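Structural overview
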Amino acid sequence: MTALRLGTRGSALAMAQSGMVADAVRAATGREVELVEVVTAGDRSSAPVQRLGVGVFVSALRDALLAREIDFAVHSYKDLPTAPEEGLYIAAVPEREDPRDALVARDGRTLAELPPGATIGTGALRRIAQLHALGLQFEITPIRGNVDTRVKRVLGPDADLDAVVLARAGLTRLGRTAEITETLDPMLMLPAPAQGALAVECRGDDQDLIELLALLDHAPTRAAITAERALLATLEAGCSAPVAAFAELAEGDDGDEIYLRGAVISPDGARDLRLSRTGTPADAEEIGKALAAELLDRGADSILGTPSHPGARTQHFGAQP
């Protein structure tokens, strides 16, 4: 039986994530898996992510899938556009890694221990906005590059930053959690929709592979991601927008419940709108849509669609029925 060809980006993190999925496929099915490196437009550019557009890290992988050059691909789920891709299917969403953000700072410092004027690097507009919203007078520097490049700007011999904020999941998958000086509470730094989750994608007409990859699917993770991305899609915001969402599954009085928190923050942090909603896992998509609609009713569209301006910071964080 021929080996399955798994398409992946060539970064250390992408290779680590794809390697984990390849190992899981081998363990679950006995099939051999061959990694095939695919270079994306995002890998070739040094421009800020928000200027590159949605899907910049996945389009080449999807092209390779549709051209039958690979059999399936692994994506960081948060990089995927919210609209489905014709001819392709998300066959599995493996169990999610810790979705929180992490701080890597000089001298082992936490966020509260960094002084006013400390320089913090991050590439995500969502993180930049939330750091500004804390009102701690940090100097925020937009950065690009892989995990190693970013961490070196704090811990390397030519360090020029006091701290960087990264996804904890990436550091975990690279075996670098020892460098984390603080895992950030979602109340301070709400994650990106689908952060820490992987999407295993194949062609929609490959029914045998769909059934095989389904063995890797983790239903609670899929439900949480469905809620978060439904919120993002309803807001019509891309993966680089200042939108945050985090769904958790917990045992309720009548079975499992989803608790979804969502936020829209202006880039300067002056407007910070946060709401939450609960429901059943079966209603995950509707929960996300409903929370997005409520955020829009409270003015999220003006935050997303117009330049931010100084003003009163608005915060709401009550569970909705």
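Going by the structure above, here's the rest.
The present account deals with the structure reproduced in this document. (Residues numbered from 1 in each chain as written. Predicted model: local features only at pLDDT ≥ 70, side-chain atom pairs only at ≥ 80, totals over all residues. Heavy atoms only, no water.)

**Details of the overall build of the chain**
Test applied: Secondary structure elements follow DSSP: runs of H or I no shorter than four residues count as helices, runs of E no shorter than two count as strands, and numbering proceeds from the N terminus. We call a residue buried when its accessible area falls under 20% of the maximum for its residue type, exposed when it is over 50%, and partly exposed in between, using a 1.4 Å probe and counting protein chains only. Whether two residues are in contact is decided by their heavy atoms, any of which lying within 4.5 Å being enough. What sets the accessible areas is the Shrake-Rupley method with a 1.4 Å probe; for residues, cover comes only from the shown protein chains.
The number of helices and strands found in the chain is eleven helices and 13 strands. Across the 321 residues that make up the chain, the buried fraction comes to 49%. Within the chain, counting contacts between residues at least 6 apart in sequence, those at least 24 apart form 70% of the total. Carbon and sulfur atoms make up 48% of the accessible area of the chain, which amounts to about 14,000 Å² in all.

**Here's the deal with unusual backbone geometry**
The backbone phi angle of Asp107 is positive, close to 60°, even though this residue is not glycine. Tracing the backbone shows Asp107 in the loop between β5 (101-105) and β6 (119-122). By relative accessible area, Asp107 is classed as exposed at 71%. One non-glycine residue with positive phi stands out, namely Gln137, at about 60°. Relative to the helices and strands, Gln137 is located in the loop between α5 (125-133) and β7 (139-142). Residue Gln137 is classed as exposed on the basis of its relative accessible area, which comes to 56%.

**A short note on the layout of surface pockets**
Rules: Using only the protein atoms, space was sampled on a 1 Å grid; points where a 1.4 Å probe fits but cannot get out form cavities, open sets with protein on both sides within 12 Å along at least five of seven lines form pockets, and lining residues are those with an atom within 4 Å of a point. Grid points are joined across faces, edges and corners, and a volume is the space filled by probe spheres set on the points. Here the nonpolar group is Ala, Val, Leu, Ile, Met, Phe, Trp, Tyr, Cys and Pro; Asp, Glu, Lys and Arg are the charged ones; every other residue, Gly included, is treated as polar.
For the second largest pocket, the calculated volume is near 450 Å³. Of all the secondary-structure elements, those providing two or more residues to the lining of the second largest pocket are β4 (88-92), α9 (219-234) and α10 (284-297). Ranked by the residues each element gives to the lining of the second largest pocket, the list is headed by α9, at seven residues. Looking at side-chain class alone, the lining of the second largest pocket contains twelve nonpolar, three polar and seven charged residues.

**Focus on the sheet that holds strand β3 (residues 72-76)**
Across a sheet, paired strands are connected by hydrogen bonds in the backbone, their directions being either parallel or antiparallel. Filter applied, for reference: If DSSP finds at least two bridges between two strands, the strands pair. What counts as an axis is a line fitted to C-alpha atoms, over the stretch in contact for a helix, and the angles between N-to-C directions run from 0 to 180 degrees.
Pairing is mixed in the open sheet, where five strands are placed in the order β2-β1-β3-β10-β4. Since the sheet does not close on itself, it has two edges, and those belong to β2 (33-37) and β4, each with one partner. Across this sheet, the average inter-strand angle for adjacent strands is 35°, counted without regard to direction. Packing of helix α4 (residues 59-66) onto the sheet brings it into contact with β1 (4-8), β3, β4 and β10 (198-203), and relative to β3 it is tilted by some 165°.

**Overview of the environment of Leu65**
Checked against the element boundaries, Leu65 lands in helix α4. Residue Leu65 is classed as buried on the basis of its relative accessible area, which comes to 0%. Each C-alpha atom of the pair Leu65 and Gly7 lies 8.0 Å from the other, and the pair is 58 residues apart in sequence. Residue contacts for Leu65: discarding those within four places in its chain leaves Ile70, Asp71, Phe72, Ala73, Leu88, Glu201, Cys202 and Arg203.

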